[in-house]
Amino acid sequence: MSLLATRDLTIRFGGHVAVNAVTCAFQPGTLTAIVGPNGAGKTTYFNLISGQLKASAGQVTLDGRDLSGFSVSQRTRAGLGRAFQLTNLFPRLTVLENIRLAVQATREGGHRRGLNLWSVWSDHRGLIARADEILAAVALADKENELVANLPHGDQRKLEVALLMALESQVFMFDEPTAGMNAAEAPVILNLIRKLKEDPRKTILLVEHKMDVVRELADRIIVLHNGTLVADGAPAEVIASPIVQEAYLGVAAQNASAQDGTPPHPGVSPRRERGEQP
Ligand SMILES: Nc1ncnc2c1ncn2[C@@H]1O[C@H](COP(=O)(O)OP(=O)(O)OP(=O)(O)O)[C@@H](O)[C@H]1O
Ligand SMILES: [Mg+2]
């Protein structure tokens, strides 16, 4: 059971505080949606947790262990899974080979048993069986012999999730996982997240702008605004709060009006541009 927490987590870019003293804990078996306007600091918060960015102040802990001095790969080994870029995969190997390598990386010691061919063979079969199971879970079994370099965008995103499963991550961080996907691809990824949610050991963090998705999947919503945590609670309560109605749903009203020509909902402020103050 891995409890992820941040305490006073802060990063400054020059004079701009992109994430400002965020203190929050995330329980296993829950999915927390992180919402907020463009430029609120959501992606930066993920980057601080995964170690891609170094905090100016504050801590990230997993089960009370301070990960602040840990590199990205040390954090991955500790159980933090940030959806990978394809650069973390081997493009010239097949889908199955990539996942098999990830499964292998989590199982130590096999090679130290010496050249017992039966043992090598049975290890190999075990790895393939686990890799097959994961690929079936992400609906990529029929692509297992494709080279990663040849996969379409949606399948690459599925493979990213498969990799986190193979690495036995405890924490899954999804940053707009369906962005850029077509109508057929998005439900596959959302189903995957639904399936992950059934595992009481997994902690899931999801940055998502689509409120219908958030409403359906989230057990809890936190709201970031100008880098500060401004709301935290049950989905219905947070969505109804004035801060979300004003600062966040204004985005939807503005987008809708841009598309169909109707004016934004009265009383809802328009979308704020990056960094602009209200
Ligand atoms: N490497 C960086 N250097 C300087 N400023 C940065 C850097 N990364 C992010 N920022 C700034 O930090 C703020 C937060 O950006 P971030 O990308 O985390 O927002 P976000 O909530 O993910 O927005 P979106 O919904 O558009 O993805 C923005 O003002 C952004 O310009
Ligand atoms: Mg972002």
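The rules we used
Residues numbered from 1 in each chain as written. Chains lettered and ligands numbered in written order. Predicted model: local features only at pLDDT ≥ 70, side-chain atom pairs only at ≥ 80, totals over all residues. Helix = DSSP H or I, 4+ residues; strand = E, 2+ residues; numbered from the N terminus. Buried ≥ 20, exposed ≤ 12 C-beta atoms within 10 Å, placed from the backbone. Pairing = 2+ DSSP bridges. Near = placed C-beta within 6 Å. Nonpolar A, V, L, I, M, F, W, Y, C, P; charged D, E, K, R; others polar. Axes fitted to C-alpha atoms, helices over the stretch in contact; angles between N-to-C directions. Parallel < 35°, antiparallel > 145°, perpendicular 65-115°, else oblique. Contact = placed C-beta atoms within 7 Å. pLDDT = per-residue confidence, 0-100. Core = buried A, V, L, I, M, F, W, Y, C linked by C-beta atoms within 7 Å. Domains from an automatic or database assignment.

K.L.:
Please give an account of unusual backbone geometry that cites residues and values.
P.N.:
Phi at D63 takes a positive value of approximately 55°, unusual for a residue other than glycine. Topologically, D63 is positioned in the loop between β4 (57-62) and β5 (65-66). A count of 13 C-beta atoms within 10 Å places D63 in the partly exposed class. Its identity is not glycine, yet A139 carries a phi of approximately 55°, on the positive side. Note on placement: A139 falls in the loop between α4 (117-137) and α5 (153-166). Judged by the 15 C-beta atoms lying within 10 Å of it, A139 is partly exposed.

K.L.:
Which residues make up the sheet that holds β4, and what are the values?
P.N.:
In space, the 4 strands of this open sheet follow the order β2-β1-β4-β5, with antiparallel pairing throughout. Strands at the two margins of the open sheet, each flanked by one partner only, are β2 (16-26) and β5. Pairing between strand β1 (residues 4-13) and β2: 7 bridges, direction antiparallel. Directly across from R12, in β2, lies its bridge partner V17.

K.L.:
Now, about the site of ligand 1: what can you tell me, with residues and values included?
P.N.:
The local shell around ligand 1 holds 12 residues, among which F13, A18, K42, T43 and T44 are the closest. For the shell around ligand 1, the per-class residue count stands at 3 nonpolar, 7 polar and 2 charged.

K.L.:
Give a description of the pairing of β4 that names residues and reports values.
P.N.:
Pairing analysis gives 5 bridges linking β1 to β4, with the strands arranged antiparallel. Bridge pairing in β4 links A5 to T61. Relative to β5, β4 runs antiparallel, the two being bridged by 2 bridges. Its bridge partner being in β5, T61 is matched across the sheet by D66.

K.L.:
I'd like a description of the packing of α5 against helix α6 (residues 186-197), backed by residues and values.
P.N.:
It is the contact of α5 with α6, at a shortest axis distance of 10 Å, that shows an interaxial angle of 10°. Comparing their axes, α6 and α5 come out roughly parallel. Across from G154, R157, K158 and V161 in α5, the residues of α6 making contact are V188, I189 and L192. Of the residues that constitute the contact of α5 with α6, the class distribution is 4 nonpolar, 1 polar and 2 charged.

K.L.:
Tell me about the sheet that holds strand β9 (residues 220-225), residues and numbers included.
P.N.:
Here 6 strands make up an open sheet; going across it, the order is β6-β7-β8-β3-β9-β10 and the pairing mixed. Edge positions in the sheet fall to β6 (80-82) and β10 (228-233), since each has one partner strand and no second. Here the strands of the sheet are splayed against their neighbours by 20° on average, with no regard to which way each runs. The strands touched by helix α1 (residues 42-50) within the sheet are β3 (31-35), β6, β7 (171-175), β8 (203-207) and β9, with β7 carrying the most contacts at an inclination of about 150°.

K.L.:
For the environment of D66, give the residues involved together with the corresponding values.
P.N.:
Mapping D66 onto the fold places it in strand β5. Residues D66 and T6 lie 60 residues apart in sequence; the distance between their C-alpha atoms is 9.5 Å.

K.L.:
Summarise the pairing of β10; cite the residues concerned and give the values.
P.N.:
Sheet topology places β9 next to β10; 5 bridges connect them, and they run antiparallel. Paired with I222 across the strands is D232, a residue of β10. In textbook terms, the turn of a hairpin is the stretch between consecutive antiparallel strands, and for β9 and β10 this stretch comprises 2 residues, one of which, N226, has a positive phi near 50°.

K.L.:
Describe the confidence of the model for the protein chain, and please don't skip the residues or the numbers.
P.N.:
Of the residues in the protein chain, 82% reach a pLDDT of 70 or more, and the chain-wide mean stands at 83. This model gives residues 256-278 a pLDDT under 50, and the stretch forms 25 contacts once residues within four places in sequence are excluded.

K.L.:
Talk me through the environment of M173; I want residue IDs and the actual numbers.
P.N.:
Relative to the helices and strands, M173 is located in strand β7. Its 25 C-beta neighbours within 10 Å are what place M173 among the buried residues. Remark: the alpha-carbon pair of M173 and L205, spanning 32 residues in sequence, is separated by 4.8 Å.

K.L.:
Describe in detail the nonpolar core, supporting the description with residues and values.
P.N.:
Ranked by internal contacts, the top residues of the largest apolar core, which has 59 residues, are I34, I99, A162, A166 and I221. Residue-level mapping places this core at the junction of two domains, with at least three residues from each of domain 1 (1-79 + 169-240) and domain 2 (88-167). Contact partners of A162, with chain neighbours within four places excluded, come to I99, I134, L135, V138 and L140.

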